[in-house]
Amino acid sequence: MNQRPSGPFRVGDRVQLTGPKNRLHTITLREDGELHTHHGVLKHIDLIGLDDGSVVANSGEHEYLALRPLLRDFVMSMPRGAAIIYPKDAAQILAEADVFSGAVVVEAGVGSGALSLWLLRAIGSEGKLHSFERRDDFAEVAQANVETFMGEVPDNWQVTVGDLVDALPETVEPASVDRVILDMLAPWECIDVVADALTPGGVVLCYVATATQLSRVAEFIRGTGLFTEPEANETMVRGWHVEGLAVRPDHRMIAHTGFLIWARRLAPGAVPPEVKRRASKSSYGDEDVEMWTPGAVGDRQITDKNLRKRVREAQKAAQGARIAAASAEPHTPATDEIDPSA
């Protein structure tokens, strides 16, 4: 597992530079590397050997604060094949699913690896993470991103390319999984095999984008009779400007990104108490499913050409991490130069 992120900067380390007007630049340190901006040139060699949190000036005398990026910084700037789960949602997933050190966790799909990183950190070296992804190219990006941040591909992480319905029964024993996290278009299609894999009392949590998806997965979970009554929420984060007496909420905020819905596996043969509720429409047709596709809800779809570029970026970043991991004094590894605004 990854080592403690401390100590002087070294070749191959990922460094986040905060420059004039709080503009961020994320680089991988190289002995001959340079950061060129319209403010001047900053040579990487000027950073190597400095402590985390140091300030260094470039050729134009503009100062930059140098810090190793936190995990939240990394996932927001790493190469993406698929859309990521934002840190605010990842934190809630870890809390609501109660992901603990040593847990056996299943996630599907792996996307760009953002949630995989949070889960790997939460389960520790004693846990086990099984990640499933239908697309080879997304899996490649995710594996490279995880290696970039952690400096290695963790031994307790297994990535399987394939459909969860077919692959999960072949990968884990029945009733052996503590937590299942589903980030996919139609999670209800997987609930039956998830129920078989979960240990009694285990948690299944689904991350969905729209209210219609939320409704369908809730009704499906109820209909199985195998889980507790599902709970659902969404997380909104609003920053605040705090400077002297000028204390006010930010004009912009990260509002809706997705819904979380979760339930716990009942013991075999247990019958959940009946919950009285008002009658409502609970049937769905093909036209409803079509309304939930990413394109229909306004999500931007990545092109094949752009995705191939992201795969190359992620693999190049992982190569930088391997260089850092091979250095004499190990600590948090690195990635290639990435512009967070890209």
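This structure is a prediction, so every number in the text was calculated from the model and none was measured.

1. Details of the overall build of the protein
Working step 1: Each helix and strand counted, the protein has nine helices and 15 strands in total.
Working step 2: Carbon and sulfur atoms make up 50% of the accessible area of the protein, which amounts to about 17500 Å² in all.

2. Some thoughts on the packing of aromatic side chains
Working step 1: Taken as a whole, this structure holds one aromatic pair when the rule is applied.
Working step 2: Over the ring of phenylalanine 138 we find arginine 135, and its NZ or CZ is 4.2 Å from the ring centre.

3. Here we look at the layout of surface pockets
Working step 1: By volume, the second largest pocket amounts to about 400 Å³.
Working step 2: Lining the second largest pocket are 13 residues, with Leu24, Arg72, Asp73, Met76 and Pro87 sitting closest to its centre.
Working step 3: Contributing elements (two or more residues each) for the lining of the second largest pocket: strand 2 (24-28), helix 1 (71-77) and helix 2 (87-96).
Working step 4: With four residues, the top contributor of residues to the lining of the second largest pocket is helix 1.
Working step 5: Taken together, the residues of the lining of the second largest pocket sort by class into seven nonpolar, three polar and three charged.

4. Remarks on a positive patch on the surface
Working step 1: A cluster of basic residues, Lys305, Arg308, Lys309 and Arg312, forms a positive patch on the protein surface.
Working step 2: Within the fold, arginine 312 resides in helix 9 (residues 304-325).

5. Some words on the nonpolar core
Working step 1: If you look at the biggest cluster of nonpolar residues, it comprises 33 residues, and the most contacted ones within it are Val75, Val105, Leu115 and Leu117.
Working step 2: Only helix 1, helix 2, helix 3 (114-123), helix 4 (136-150), strand 11 (198-208) and strand 15 (259-264) provide two or more residues apiece to this core.
Working step 3: Broken down by element, the residue count for this core peaks at seven residues, all from helix 3.
Working step 4: Each residue touching leucine 117, except ones within four places of it in the same chain, is listed here: Leu71, Phe74, Val75, Val146, Phe149 and Met150.
Working step 5: Of all hydrophobic cores here, the second largest spans 31 residues; its members include Met184, Val194, Phe227 and Ala263.

6. Brief notes about the pairing of strand 11
Working step 1: Buried residues dominate strand 11, accounting for eight of its 11 residues.
Working step 2: Bridge count between strand 10 (residues 177-183) and strand 11: six bridges; the pairing is parallel. Each residue of the ladder has a partner; that of valine 180, found in strand 11, is valine 204.
Working step 3: Handedness of the crossover joining strand 10 and strand 11 through helix 6 (residues 191-197): right-handed.
Working step 4: Note: strand 11 against strand 15, six bridges, orientation antiparallel. Each bridged residue has a counterpart across the sheet, and for cysteine 206 the counterpart in strand 15 is isoleucine 261.

7. Quick notes on a nonpolar patch on the surface
Working step 1: Taken together, the side chains of Val55, Leu65 and Leu67 present a nonpolar region at the surface, about 220 Å² in accessible area.
Working step 2: On the secondary structure map, leucine 65 appears in strand 6 (residues 63-67).

8. Some words on the pairing of strand 5 (residues 54-57)
Working step 1: Residues Ser54 and Val56 of strand 5 are buried on one face, while the alternating residues Val55 and Ala57, pointing to the opposite face, are not.
Working step 2: Across four bridges, the pairing between strand 5 and strand 6 is antiparallel. Along strand 6, the bridge assignment pairs serine 54 with alanine 66.

9. A look at unusual backbone geometry
Working step 1: Looking along the chain, the bond that leaves alanine 108 and enters glycine 109 is cis, with omega of -10°.
Working step 2: Examined against the element boundaries, glycine 109 turns out to sit in the loop between strand 7 (104-108) and helix 3.
Working step 3: You will see that lysine 21, though not glycine, has its phi angle at about 60°, which is positive.
Working step 4: Positionally, lysine 21 belongs in the loop between strand 1 (14-18) and strand 2.
Working step 5: For asparagine 22, which is not glycine, the phi torsion reads 65° and is therefore positive.

10. Comments concerning the environment of threonine 224
Working step 1: Looking at the element boundaries, threonine 224 is found in helix 7 (residues 211-224).
Working step 2: Along the primary structure threonine 224 and aspartate 192 are separated by 32 residues, whereas in three dimensions their C-alpha atoms are 7.9 Å apart.
Working step 3: Setting aside residues no more than four positions away along its own chain, threonine 224 makes contact with Ile191 and Asp192.
Working step 4: A polar atom in the side chain of threonine 224 sits 2.8 Å from the backbone oxygen of isoleucine 221.

11. Overview of the confidence of the model for the protein
Working step 1: Per-residue confidence for the protein gives a mean pLDDT of 87; residues scoring 70 or more make up 87%.
Working step 2: Every residue in residues 332-338 is under pLDDT 50, and counting partners more than four places away or in other chains gives 45 contacts.

12. Quick word on the packing of helix 2 against helix 3
Working step 1: Here helix 2 crosses helix 3 at 40°, and the two axes come no closer than 10 Å. Classed by the angle they form, the pair helix 2 and helix 3 counts as oblique. As for the relative orientation of helix 2 and helix 3, their crossing is right-handed in sense. Residues Pro87, Ala90, Ile93 and Leu94 of helix 2 form the contact with helix 3, whose own contacting residues are Leu115, Trp118, Leu119 and Ala122.
Working step 2: Here the residues of the contact of helix 2 with helix 3 sort into eight nonpolar, no polar and no charged.

Thresholds, definitions, all that
- Residues numbered from 1 in each chain as written.
- Predicted model: local features only at pLDDT ≥ 70, side-chain atom pairs only at ≥ 80, totals over all residues.
- Heavy atoms only, no water.
- Helix = DSSP H or I, 4+ residues; strand = E, 2+ residues; numbered from the N terminus.
- Areas by Shrake-Rupley, 256 points an atom, 1.4 Å probe, with all protein chains shown as cover.
- Phe/Tyr/Trp six-rings, centres within 6.5 Å; stacked < 30°, edge-to-face > 60°.
- Lys NZ or Arg CZ within 6 Å of the ring centre and 35° of its normal.
- 1 Å grid on protein atoms, 1.4 Å probe; cavity = no way out; pocket = protein on both sides within 12 Å on 5 of 7 lines; lining within 4 Å.
- Points joined across faces, edges and corners; volume = space filled by probe spheres on them.
- Nonpolar A, V, L, I, M, F, W, Y, C, P; charged D, E, K, R; others polar.
- Patch = residues over 30% accessible without salt bridge, like charges linked within 9 Å, V, L, I, M, F, W, Y side chains within 5 Å.
- Salt bridge = Lys/Arg side-chain N within 4 Å of Asp/Glu carboxyl O.
- Lys, Arg positive; Asp, Glu negative; His and termini not counted.
- Charge placed at Lys NZ, Arg CZ, Asp CG, Glu CD.
- Core = buried A, V, L, I, M, F, W, Y, C linked by side-chain atoms within 4.5 Å.
- Buried < 20%, exposed > 50% of the residue type's maximum accessible area, 1.4 Å probe, protein only.
- Contact = heavy atoms within 4.5 Å.
- Pairing = 2+ DSSP bridges.
- Right-handed = clockwise from strand over helix to strand, strands pointing away.
- Polar contact = N/O pair within 3.5 Å; in protein donor to acceptor, adjacent residues only side chain to side chain.
- pLDDT = per-residue confidence, 0-100.
- Axes fitted to C-alpha atoms, helices over the stretch in contact; angles between N-to-C directions.
- Parallel < 35°, antiparallel > 145°, perpendicular 65-115°, else oblique.
- Left-handed = near helix turned anticlockwise from the far one by under 90°.

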